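# Observations on chain architecture
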Amino acid sequence: KNDQGISADVINMSLVSNRTYSSECDDQIPAFASACRAAWENGIAVFAASGNDSQQGFMTIPACYSAVISVGSVQDTLPDRISTFTNRNDLLDILAPGERIVSTGRGGGTSSFMGTSQACPHAAAAGCLLREVDASLRPETIREVLRKSGRPFLDAGTSLTFPILDVEAAVEALLVPRVAGLSCGFADGTLIVSWDSGSAVDRFRVSLSREGAVVSEEDVAGGESSFEEALSAPGEYTICLRAIDAAGLMGLEECCTAAVVLDAAFVRGDCAADGELNISDPVRLL
């Protein structure tokens, strides 16, 4: 039961407004927004289908409410393909199978439908499963776990990356201690990453990326609490850690960033100080 004694873990909503919105819409239909917020604050995770209008950059009520986990649709096949009818923008929380889904039919038998209304119950059921693992989970934590454990998918239509629901990874993430105290820095040509060493952790997987491209990935022992690497290329680096237990279960990925600025080598005549001789040097000299 939640804070008010209501025996509900989640609310699943398969309904949309006629109007679409490009940003959070908590000020629209205030009574409805307040009801969703009240459920959320009382511990009920609220899920809503994003709508089937093929809108790229817009979503409908209630999916655009801040106290709602919005769900879009992907085809239930590999390779991953977003359903063309899915409304989505940067507020969309997660994608789940919605095309084509066979389920129980009204009045008996089975039915086969497609839509974000088919995707949303998958995500809501995953929320219930997470509550089976940890009954104390707050809705905001359920949203975070589902998003962070999801398989990333780059949507060519919007150039946005959305997580695809991965229920197994989400459950694993609750069973493995999270990386805490993660911090990144750069000094004297060396990237320095530190974190709090944790109990029940067999090892940490450290992934290093530079401006979106993976540079390296390696495992360090669970008793370690730091990682260092000499760098020779400037840029913004993202360092991500995942805790792994003795059974191979993986926790949530935690990331931090560090800007690497290296001293440029001296080049005689390089008036523009860009590390090479080019047309800008005589212009600068003049």
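Computed from a predicted model, the values in this text were never measured in an experiment.

### Some words on the state of the cysteines
Per the counting criterion, the structure on display carries 3 disulfides. At a sulfur-sulfur separation of 1.9 Å, the disulfide partner of Cys25 is Cys64. On the S-S bond that ties Cys25 to Cys64, the torsion sits near 90°, and the link is right-handed. Residue Cys25 is located in the loop between strand 2 (20-21) and helix 1 (30-41), and its partner Cys64 is located in the loop between strand 4 (59-60) and strand 5 (69-75); the two are separated by 39 residues in the primary sequence. Taken individually, Cys25 and Cys64 each receive the classification buried, so the pair is uniform in this respect. Between the sulfur atoms of Cys240 and its disulfide partner Cys255 the distance amounts to 2.0 Å. Linking Cys240 and Cys255, the disulfide has an S-S dihedral of approximately 110° and is accordingly described as right-handed. Taken together, the positions of Cys240 in strand 16 (residues 235-244) and Cys255 in strand 17 (residues 254-260) put the pair 15 residues apart, joining distant regions of the chain. The class of Cys240 is buried, set by a relative accessible area of 10%. The connectivity of the disulfide-linked cysteines in the chain, indexed sequentially, is 1-2, 3-6, 4-5.

### Overview of the sheet that holds strand 17
Ordered by their spatial adjacency, 4 strands build an open sheet running 14-13-16-17, and the pairing between neighbours is antiparallel. If you trace the sheet from one side to the other, it starts and ends with strand 14 (213-221) and strand 17, each paired once. In this sheet, neighbouring strand axes are inclined to one another by 20° on average, regardless of whether the strands run parallel or antiparallel. As paired elements, strand 13 (residues 203-210) and strand 16 share 8 bridges and run antiparallel to each other.

### Notes on the environment of Phe204
Looking at where Phe204 falls in the secondary structure, it is placed in strand 13. Of the residues examined, Phe204 reaches a relative accessible area of 2% and is grouped as buried.

### Thoughts on the pattern of salt bridges
All told, the structure shown has 13 salt bridges when counted by the stated rule. The partner of Arg147 in a salt bridge is Asp93, with the nearest N and O atoms 3.4 Å apart. Of the two residues, Arg147 sits in helix 3 (residues 139-149) while Asp93 sits in the loop between strand 5 and strand 6 (94-99), which places them 54 residues apart along the sequence. The exposure class of Arg147 is partly exposed, given its relative accessible area of 35%.

Each value, and the rule that gives it
Residues numbered from 1 in each chain as written. Predicted model: local features only at pLDDT ≥ 70, side-chain atom pairs only at ≥ 80, totals over all residues. Heavy atoms only, no water. Disulfide = S-S within 2.5 Å. Helix = DSSP H or I, 4+ residues; strand = E, 2+ residues; numbered from the N terminus. Buried < 20%, exposed > 50% of the residue type's maximum accessible area, 1.4 Å probe, protein only. Pairing = 2+ DSSP bridges. Axes fitted to C-alpha atoms, helices over the stretch in contact; angles between N-to-C directions. Salt bridge = Lys/Arg side-chain N within 4 Å of Asp/Glu carboxyl O.

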